[in-house]
Amino acid sequence: AQEPPRKIVVKFGRDHSFYGLPLAWLGRLNGGHEQAIYRAIAGIAGIPQFLGRVAGDGYAIEYIDGRQLDQGAPPPGVFDGLRKIFDALHARGIAYVDGNKRSNILITADGRPHLIDFQISIRRRDDWPWPLRAISRAIFRYFARKDIYHLYKHKRRMTPAELTPEEEELSRNRDFFHW
């Protein structure tokens, strides 16, 4: 059995209105989406453990004690570790989508990378009927490629000596929609 973490993060969905427009429904929708993503990726190394719902629309995840990628040079091998995380996510049909934000990539004291904040991640929907299933798969493939692009873009900018020629090419591979 896995030992429970000592520290947690509790996230709450938006419940305030915006210029009189009620948005609590949006907070519930976003929170439910992120919780479903955490359940789908449970057990992947480098992902905080989902701990459950709390206080109505809130939910708890494991606290990762680390620094953000944008707070200094990463230790050697961090980007190779991140690639393993992305490969595991993609194998489960999840595209992270938020890899451009270095602040969502945490590095623990022992040099291991972690991803946090799955609010805008997307899930490939193989259970949907055609043509929605085909559209979902195409969208997933696009964003999975963007995950890898952002990963190697960060690696090129932060640890260029570790970059392979193939990774260099992927780090510059912007497609039509990106431009």
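Up top is the structure.
Note that the structure is predicted; figures quoted are calculated from it, not measured. (Residues numbered from 1 in each chain as written. Predicted model: local features only at pLDDT ≥ 70, side-chain atom pairs only at ≥ 80, totals over all residues. Heavy atoms only, no water.)

### Overview of the sheet that holds strand S1 (residues 8-11)
Read across the sheet, three strands follow the order S1-S3-S2 without closing on themselves; strand pairing throughout is antiparallel. Every other strand in the sheet has two partners, leaving S1 and strand S2 (50-54) as the edge strands with one partner each. Each strand axis lies, on average, 25° off the axis of its neighbour in the sheet, ignoring direction. Pairing of S2 with strand S3 (residues 58-62) involves four bridges; the strand directions are antiparallel. Considered in S3, the bridge of Gly52 is made with Ala60. (Pairing = 2+ DSSP bridges. Helix = DSSP H or I, 4+ residues; strand = E, 2+ residues; numbered from the N terminus. Axes fitted to C-alpha atoms, helices over the stretch in contact; angles between N-to-C directions.)

### Topic: a nonpolar patch on the surface
Together, Ile8, Val10, Phe12 and Leu51 give the surface a local cluster of nonpolar side chains, amounting to about 350 Å² of exposed area. With respect to the element layout, Ile8 can be found in strand S1. (Patch = residues over 30% accessible without salt bridge, like charges linked within 9 Å, V, L, I, M, F, W, Y side chains within 5 Å. Areas by Shrake-Rupley, 256 points an atom, 1.4 Å probe, with all protein chains shown as cover. Salt bridge = Lys/Arg side-chain N within 4 Å of Asp/Glu carboxyl O.)

### Examining the packing of aromatic side chains
The description of an aromatic ring pair rests on the distance of the ring centres and on the angle between the ring planes. This model, assessed by the stated rule, comprises six aromatic pairs. With a centroid separation of 5.1 Å and an interplanar angle of 70°, the aromatic rings of Tyr96 and Phe118 are classed as edge-to-face. Of this pair, Tyr96 sits in the loop between strand S5 (94-95) and strand S6 (105-108) while Phe118 is found in the loop between strand S7 (113-115) and strand S8 (122-123), placing the two residues 22 residues apart along the sequence. By the burial criterion, Tyr96 is buried, and Phe118 matches it. Among the aromatic residues, those joined into a cluster by ring pairs are Tyr38, Phe50, Tyr59, Phe86, Tyr96 and Phe118. For Lys146, the ring lying beneath its charged end belongs to Tyr149, and the centroid distance is 4.8 Å. (Phe/Tyr/Trp six-rings, centres within 6.5 Å; stacked < 30°, edge-to-face > 60°. Buried < 20%, exposed > 50% of the residue type's maximum accessible area, 1.4 Å probe, protein only. Lys NZ or Arg CZ within 6 Å of the ring centre and 35° of its normal.)

### Some points on the side chain of Thr159
Tracing the chain through its elements places Thr159 in the loop between helix H3 (132-158) and helix H4 (165-171). Each residue touching Thr159, except ones within four places of it in the same chain, is listed here: Pro74, Phe79 and His154. (Contact = heavy atoms within 4.5 Å.)

### Observations concerning the nonpolar core
Counting 27 residues, the largest nonpolar core has Ile41, Ile47, Leu82, Phe86, Leu89, Leu115 and Phe118 as its most contacted members. Where this core is concerned, the elements lending two or more residues are helix H1 (24-40), S3, helix H2 (78-91), S6 and H3. Ranked by residues supplied to this core, first place goes to H2 with six residues. For Ile41, the residues in contact, after removing those within four places along its chain, are Ile47, Leu89, Arg92, Ile94 and Phe118. (Core = buried A, V, L, I, M, F, W, Y, C linked by side-chain atoms within 4.5 Å.)

### Quick notes on the pattern of salt bridges
Side chains that differ in sign of charge can pair as their charged atoms come close. What the rule picks out here adds up to eight salt bridges. Of the charged contacts in the structure, one is a salt bridge between Arg137 and Asp126, with a shortest N-O distance of 3.0 Å. Of this pair, Arg137 sits in helix H3 while Asp126 sits in the loop between S8 and H3, and the two are 11 residues apart along the sequence. Assessed through its relative accessible area of 34%, Arg137 is described here as partly exposed. Overall, Asp126 belongs to the partly exposed group, its relative accessible area being 35%. In this structure, Arg172 engages Glu168 in a salt bridge whose closest nitrogen and oxygen atoms are separated by 2.5 Å. Taken together, the shared-partner salt bridges in this structure form one network comprising Asp80, Lys155 and Glu167.

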